[in-house]
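Each chain, written out:
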Amino acid sequence: MAIVDNPRTLDLDDIQGMVSKGYGKLYKTAYFFLKVDEAKKAKLWLKEIAPFIDSANIKNTSEKTLHLAFTPSGLSKLGLSQKNIDAFPTSFVEGVSTENRNRILGDYGDSDPQNWRWGAQQSDLDILLIFHASSVESLNAFIEEQKGIIEDNGGITIVTELKGFLTEDNKEPFGFHDGISQPIIKGSGRPGPENDIVETGEFLLGYKNEHGQYPFSPLLEENQGNLTLLADDIAGSGKKDLGRNGTFMVFRQMEQHVDKFWNSMEEKTKNEDGSVNEDAKIKLASKCIGRWPSGASLVNFPDADPGGSLDNDDFSYADHDPDGLKCPFGSHLRTNNPRDSFRWYNKEQSLKVSKRHRIIRRGRSYEMPVNGNEDKKEVGLQFICFNTNIELQFEFIQHAWSNNNQMRHLSNDIDVIIGVPPENDPNNKNVQFTVQAEPVNEYYDGWERFVTIKGGEYFFFPSISVINFLSTL
Ligand code: HEM
């Protein structure tokens, strides 16, 4: 696929760096959930740390980074008026755990928000502070320094602390290389395959998206704070735009049941004499993901894992795998980004539709003791993604693609990695995964859920100038 130029047009110094940078060498992460106790002091703290927020400018190659995100209650406690909060999209104002969202995202049963350890409209979850650093030592030193600033300043309390990490080979807990396929923001200055370059407005507010429109950005309905820090609404309403150069962040803590995952693959691929077929087990798991454990794509390497670092993203389906014989239609990869190959559209139309539902993923693995017992570990993914329209991007992917058993060229297949069949639907009890094959397809059924949601929330991830604006309210 041809690599095309992507001239820089964006003000990268105003955009929080995590939107465009994966910090692949900053292996350690901490997430602090903060409660605002006293607005005045909290705003002084914001002002003090704002200069240290890492920007999207690639010239910044910091050994440690700091980022900030806000919930509606955080914005309100800092002094943003209710009228201005109501100008935000409903998904953000309502939060991730409403009855309707639980239904469409599949947050029921073990994943019911009532069982979550954080989020679920938690009233003291106001601000999220994210740290990345290259080692445990530098992360801890950074955390201590920041805790000191918080304590000296007063006005905010740390209510929950979570950790995350990348392994050096960037493998998630099931053992697959993650973080390979990402869209590239148009205007970011980063060249890449044409198929991956996506209109700015899919990821940053205040720019046109893949529909040719400006996404729903929170405009200031009543004036407050230092207005000179805000951009004008680019669409010409005459109002100030709180959104420009910012975006929305989805955060879901997803426990991964690693033993269940591999036992299930093993059971389904045993030889006739009952012995384990190691190759078949890994192949089925890879078919479910859509890449081999090394990250190599099934489209480029359909028969076996080539190992090494052949984990590129340089493939599409329409020309090289139209019938899913290499990468199954129901695989996690093909479900969550069908690229140029939909049942209903031609190549160009398919690519256009796929580009309207992409997300920038910034997830990291986690490991934590179960009930304080260091010998028993819960493992999983701190799933984070950025998008300007949560309904059309994250929620659409989870609901209309991963949880939908009618989306593919088959019936009753959901994404067995993250999909959830509709609750209480007798026709959907028998979740199936089809491996397209010749002369006949192979069907695998009787799947359990390999992922449980343990927490989550939607956040506003503003530009650096808007963070400064919030400190002037
Ligand atoms: C524990 C849960 C999850 C696991 C284990 C997981 C694992 C993976 C792996 C191994 C890849 C391949 C590496 C890559 O292409 O970057 C991948 C890709 C991807 N995942 Fe997930 N993932 C999880 C949750 C999610 C969720 C919740 C979503 C969105 C709702 C999602 C969306 C995607 C997308 C869009 C891709 C890239 C597809 C492409 O462009 O080809 N994943 N995931």
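## A closer look at the overall build of the protein chain
Moving on, step 1. Across its full length, the protein chain carries 12 helices and 18 strands.
Moving on, step 2. The globule rule puts the C-alpha radius of gyration for 473 residues at 23 Å, and the 22 Å found for the protein chain is close to it.
Moving on, step 3. Projected onto its principal axes, the C-alpha coordinates of the protein chain cover approximately 70 × 50 × 45 Å.
Moving on, step 4. Looking at the protein chain as a whole, 49% of its 473 residues are labelled buried.
Moving on, step 5. Of the contacts formed within the protein chain by residues at least 6 apart in sequence, a portion of 68% connects residues at least 24 apart.

## What to know about the site of the ligand
Moving on, step 1. Around the ligand, the structure places 25 residues, and the nearest of them are F176, I180, S181, N336 and N337.
Moving on, step 2. For the shell around the ligand, the class distribution of residues is 14 nonpolar, 7 polar and 4 charged.
Moving on, step 3. Split by domain, the shell around the ligand shows at least three residues from each of two domains, domain 1 (3-253 + 455-470) and domain 2 (258-357 + 403-451).

## Points about the environment of I418
Moving on, step 1. Within the secondary structure layout, I418 lies in the loop between helix 11 (391-402) and strand 16 (432-435).
Moving on, step 2. Placed 33 residues apart in sequence, I418 and V451 show a C-alpha to C-alpha distance of 6.5 Å.

## With respect to the pairing of strand 14 (residues 364-370)
Moving on, step 1. With 7 bridges connecting them, strand 14 and strand 15 (residues 373-387) associate as antiparallel partners. Bridge assignment links V370 to a residue of strand 15, and that residue is N373.

## Looking at unusual backbone geometry
Excluding glycine, most residues fall at negative phi; most peptide bonds, likewise, are trans.
Moving on, step 1. In this structure, the amide linkage connecting E438 to the following residue, P439, adopts the cis form with an omega of 5°.
Moving on, step 2. You will see that N245, though not glycine, has its phi angle at about 70°, which is positive.
Moving on, step 3. Note that N245 resides in the loop between strand 11 (240-241) and strand 12 (247-256).

## Observations regarding the nonpolar core
Moving on, step 1. Grouped together as the largest cluster of nonpolar side chains are 105 residues, with contacts concentrated most on M249, F459 and F460.
Moving on, step 2. If you count residues domain by domain, this core takes at least three from each of domain 1 (3-253 + 455-470) and domain 2 (258-357 + 403-451).
Moving on, step 3. When sequence neighbours within four positions are dropped, the list of residues in contact with F460 reads A69, F70, L75, F88, F92, G246 and F248.

## Some details on the packing of helix 7 (residues 258-268) against helix 8 (residues 278-289)
Moving on, step 1. Between helix 7 and helix 8, whose axes approach to 8 Å, the crossing angle comes to 120°. As far as their axial angle goes, helix 8 and helix 7 are oblique. The hand of the helix 7/helix 8 crossing is right-handed. Only K281, L284 and A285 of helix 8 make contact with helix 7, whose side of the interface consists of M265, E266 and K268.

## Some words on the pairing of strand 16
Moving on, step 1. Taken together, the 4 bridges between strand 16 and strand 17 (residues 442-445) define a ladder with antiparallel strand orientation. Looking across to strand 17, one finds that Q432 is bridged to D445.
Moving on, step 2. As consecutive antiparallel partners, strand 16 and strand 17 are separated by 6 residues.

## A closer look at helix 6 (residues 136-153)
Moving on, step 1. An ideal rise of 1.5 Å per residue puts 26 Å on 18 residues; helix 6 measures up with 25 Å between its terminal C-alpha atoms.
Moving on, step 2. Of all the positions in helix 6, only L139, I143 and I150 are classed as buried. Looking straight down helix 6, one finds that the buried residues subtend no more than 30° of arc, so they occupy a single side. Summarising the geometry of helix 6, the exposed residues directed more than 90 degrees from the buried face are E137, E144, E145, G148, I149 and D152.
Moving on, step 3. Buried residues along helix 6 sit against strand 2 (28-36), helix 1 (39-49), strand 5 (127-133) and strand 6 (156-165).
Moving on, step 4. G154 sits one or two residues past helix 6 and shows a positive phi near 70°.

## Side note on the domain arrangement of the protein chain
Moving on, step 1. Segmenting the protein chain into domains produces domain 1 (3-253 + 455-470) and domain 2 (258-357 + 403-451).
Moving on, step 2. If you average the C-alpha positions of domain 1 and of domain 2, the two centres end up 31 Å apart.
Moving on, step 3. Each partner contributes to the interface: domain 1 provides 15 residues, whereas domain 2 provides 19 residues.
Moving on, step 4. Here the side of domain 1 that touches domain 2 is built from residues that sort into 7 nonpolar, 6 polar and 2 charged.

Each value, and the rule that gives it
- Sequence order as written defines residue numbering, which begins from 1 separately in each chain.
- Confidence filtering applies because this is a predicted model: local features only for residues at pLDDT of at least 70, side-chain atom pairs given and counted only at 80 or more, and all residues used for totals across whole chains, interfaces and linings.
- A run of H or I in DSSP becomes a helix once it reaches four residues, and a run of E becomes a strand once it reaches two; helices and strands are each numbered from the N terminus.
- Only C-alpha atoms enter the radius of gyration, while the globule expectation follows 2.2 Å times N to the 0.38, with N the number of residues.
- We call a residue exposed when 12 or fewer other C-beta atoms sit within 10 Å of its C-beta, buried when the count reaches 20 or more, and partly exposed for counts in between; the C-beta positions come from the backbone.
- C-beta atoms are placed from the backbone for every residue, and two residues are taken to be in contact when these atoms lie within 7 Å.
- Placing a C-beta atom from the backbone of each residue, we mark the residue near a molecule or strand if the atom is within 6 Å of it.
- The classification used treats Ala, Val, Leu, Ile, Met, Phe, Trp, Tyr, Cys and Pro as nonpolar, Asp, Glu, Lys and Arg as charged, and all other residues, Gly among them, as polar.
- Domain start and stop points were drawn from an automatic or database domain assignment.
- Think of it this way: DSSP has to see at least two bridges between two strands before they count as a pair.
- Residues of type Ala, Val, Leu, Ile, Met, Phe, Trp, Tyr and Cys that are buried and joined through C-beta atoms within 7 Å form what is called a nonpolar core.
- Comment: axis = line fitted to C-alpha atoms, over the contacting stretch for helices; angle = value between 0 and 180 degrees taken between N-to-C directions.
- Comment on the angle field: the value is read as roughly parallel under 35 degrees, roughly antiparallel over 145, roughly perpendicular from 65 to 115, and oblique elsewhere.
- By definition, any crossing whose near helix is turned counterclockwise from its far helix by less than a right angle is left-handed, and any crossing with a clockwise turn is right-handed.
- An expected span of 1.5 Å times one less than the residue number is assigned to each helix.
- It is the directions from the helix axis to the C-beta atoms whose arc is reported.

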